[in-house]
Amino acid sequence: MNMQDNNAYDKPAEGAKPGERFNHIENPKRTQAEMSLEFERLTAAKTCENLAGSFSYLFSANRMVEVAELFAHTDTDKITMPYGVYHGADAADRCFVQDMVDIDDPDPVRHEELKGRMIIPDMCTPIVEVAGDCKTAKGLWNSPGLEAHSQNGTGKGWWTWSKFAMDFILTY
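Because the structure is a prediction, the values reported are computed rather than measured.

S.K.: Looking at this structure, I do not really get the pattern of salt bridges. What am I missing?
M.R.: Oppositely charged side chains are able to pair whenever their charged atoms sit close together. Within this structure, the stated rule accounts for seven salt bridges. Between Arg 41 and Glu 38 there is a salt bridge whose closest N-O contact spans 3.8 Å. On the criterion of helical spacing, the pair formed by Arg 41 and Glu 38 is a turn pair, its members being three residues apart in helix α2 (residues 32–60). Its salt-bridge partner being Arg 63, residue Glu 66 comes within 2.7 Å of it at the nearest N-O pair.

Right under this line is the structure:
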C-alpha cells in the first residue's frame, strides 16, 4: 500500500487510538471494482505461495503422487530438474511418480530406494506476481535445503541451494 494514497497519512498521530490512522482509507481514486480486483490478486498470490509450500511439504514426505497432482497437466507443462527436462501434460507424472518413488509405492524394490533418503527444499523469499486478470502468475523462490541419500548401506548428505521458478494458471 502506498502510504501517501491514504488520507490518514497526513493526520497527526496525537490523540489517535492505536491503529486508527491506518484503519480508514479514504481514497476517492480507487473504485470498489479496483479494490476487489486487488483483493483477488492478493488472494491469488497467497494461493500460489501455499501451492509452493505444499510442493515443499509433499516432496519432503516422498508423497510424489500428490506432488504430481499439484500440476495443471497441460501440454505446456515443463519441469526442469538437475538430471533432465520433462515436457507435456504427463510431465509431472513422469518426473515425480515414475522417476522418483512415492512413499506408498507398492513395489518393494522401488520402496527400498527411499531408505536413507531425505530431501528438504525450504521455500524462502517468495516473489509472486499475479497478472492483472488473475488468471496467471509467476513465482520465484530461493531454496536453501538439504539432501541425504544412502547407497549400499553408506549414507551421504549435503546442503543444497536451489531456485524454484513456477508459473501458475487458473484451472477452474
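S.K.: Which parts of the structure should I look at to understand the side chain of Asp 77?
M.R.: By the secondary structure assignment, Asp 77 is in the loop between α3 (64–69) and β1 (78–81). No salt bridge is formed by the buried Asp 77, whose closest oppositely charged neighbour, Arg 94, lies at an N-O distance of 8.8 Å. Within the local environment of Asp 77, its side chain forms a polar contact with the backbone nitrogen of His 73, the two atoms lying 2.8 Å apart. One polar contact links Asp 77 to Thr 74, side chain to side chain, over a distance of 3.0 Å. Setting aside residues no more than four positions away along its own chain, Asp 77 makes contact with Phe 71, Ala 72, Tyr 86, His 87, Gly 88, Ala 89 and Ala 91.

Cut-off values and rules
- Residues numbered from 1 in each chain as written.
- Predicted model: local features only at pLDDT ≥ 70, side-chain atom pairs only at ≥ 80, totals over all residues.
- Heavy atoms only, no water.
- Salt bridge = Lys/Arg side-chain N within 4 Å of Asp/Glu carboxyl O.
- Helix = DSSP H or I, 4+ residues; strand = E, 2+ residues; numbered from the N terminus.
- Buried < 20%, exposed > 50% of the residue type's maximum accessible area, 1.4 Å probe, protein only.
- Lys, Arg positive; Asp, Glu negative; His and termini not counted.
- Polar contact = N/O pair within 3.5 Å; in protein donor to acceptor, adjacent residues only side chain to side chain.
- Contact = heavy atoms within 4.5 Å.

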